[in-house]
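# Observations on the three-dimensional arrangement
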Amino acid sequence: MASVAVTRRHDLTDEQWAALEPLLPSASGRGRPPKWSRRQLIDAIRWRVRTGAPWRDVPALYAPWSTVYGRFRRWQRDGTWAKILAALQTRADAAGKIGWTVSVDSTTSRAHQHAAGARRDGHLQKEPPGGTGNEPDDHALGRSRGGLTTKTHLACEQGRKPLALLVTAGHRGDSPQFIAVLGKIRVGRPGGGRPRTRPDLVLADRAYTSKANRAHLRRRGIKACIPSKADQDAHRRAKGSMGGRPPAFDPGLYRWRHSVECGISQLKQNRGMATRYDKLAVRFEATLTIAAIDQWLKAL
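Residues numbered from 1 in each chain as written. Predicted model: local features only at pLDDT ≥ 70, side-chain atom pairs only at ≥ 80, totals over all residues. Heavy atoms only, no water.

### What about the nonpolar core?
Counting residues in hydrophobic clusters, the biggest one holds 61 residues, and the most contacted among them are W81 and F178. Considering each element in turn, this core owes the most residues, ten residues, to helix α12 (residues 281-298). If we ignore the near neighbours within four places in the chain, the residues touching F178 are V104, V202, A204, Y208, N213, L217 and I226. (Core = buried A, V, L, I, M, F, W, Y, C linked by side-chain atoms within 4.5 Å. Buried < 20%, exposed > 50% of the residue type's maximum accessible area, 1.4 Å probe, protein only. Helix = DSSP H or I, 4+ residues; strand = E, 2+ residues; numbered from the N terminus. Contact = heavy atoms within 4.5 Å.)

Written out as structure tokens, the structure is:
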């Protein structure tokens, strides 16, 4: 019994399940009643995300591993995981729990050897991997100093919870993904209408201090607190009065960028995110989304 208790110590609480259950897609009502409850299957999927274990090692007390993986894959393909995350963000914003000072950063996950070897012609499979998203040709795997890695770009609100996630190969630069990850912020309104997509303030380190990124923020009326690089400062000073003013920077505000660092650390408590075991980028992104769902559920 002790091993069972240890296995299930991170299962959903009754309070978390009460918040999550209304957000799940409605059951079809056709066929025989399911043998395994949705709560069991979701707890099994969360167990795998937390431990990073192979799907075949999911404890039988939850459900057969094939049933658990089938539910994970089906909800990845039809976008259910992303819809659940969006619904939790909408609820949190309505309750005033989202701070719209947003920090942007990235983190690298080392790819396990089991993450390599995905088919190049995945679109020819009986069930293509993508679903609502497209699988990149490189499967978001790239060689960097650490070997095969995947990079996760994310935007976190001030409460350390992710508002948007983007997956690329590990050798991709941070700055080119800045606009893309901000573009994925879409927090819905409880009564309908256009979702909120614009933060009040964006914090980022000097890797994001390009002119294109600053111009994008100015066009959208978003304040920025991003330090400039030393070579950019020297180039501007060399031009004299033609170099223009240095970009505004507030060291006091910049201290609040720790929220994204803390958010990354909390997400990486899930071993399925700290190390990539999924062969496909769309599956790994679903793993990240489930880890983010957990963060929002814990904040209820």
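Text resumes after the structure shown.
### Let's talk about unusual backbone geometry
Although it is not a glycine, H139 sits at a positive phi angle of roughly 55°. Residue position: H139 is located in the loop between β1 (101-111) and β2 (142-144). The phi dihedral of R160 falls on the positive side, at around 75°, and the residue is not glycine. Following the sequence through the fold, R160 ends up in the loop between β3 (147-156) and β4 (162-169). Judged by relative accessible area, which is 32%, R160 ranks as partly exposed.

### Some thoughts on the packing of aromatic side chains
Summed over the entire model, instances satisfying the criterion amount to six aromatic pairs. Ring centres of W55 and F72 lie 4.9 Å apart, and the angle between their planes is 40°; on these two criteria the pair is classed as tilted. Here W55, found in the loop between α3 (38-51) and α4 (65-77), pairs with F72, found in helix α4; they are 17 residues apart in sequence, far enough to count as distant. F72 shares its class with W55; the two are buried. Ring centres 6.2 Å apart and planes at 35° place the aromatic pair Y69 and F72 in the tilted group. With Y69 and F72 both in helix α4 and three residues apart, the pair spans about one turn of that helix. Judged by its relative accessible area of 0%, F72 falls in the buried class. Chaining the aromatic ring pairs together yields one cluster made of W55, Y69 and F72. (Phe/Tyr/Trp six-rings, centres within 6.5 Å; stacked < 30°, edge-to-face > 60°.)

### Digging into the environment of A87
In this fold, A87 is placed in helix α5 (residues 80-94). Taking the C-alpha atoms as reference, A87 lies 27 Å from W65; in sequence the two are 22 residues apart.

### A closer look at the packing of α3 against α12
As a packed pair, α3 and α12 sit with axes 10 Å apart at the nearest point and diverge in direction by 105°. Comparing the axis directions of α3 and α12 gives the class roughly perpendicular. Judged by residue contacts, I45, R46, R48 and V49 of α3 engage T287, I290, A291 and D294 from α12. (Axes fitted to C-alpha atoms, helices over the stretch in contact; angles between N-to-C directions. Parallel < 35°, antiparallel > 145°, perpendicular 65-115°, else oblique.)

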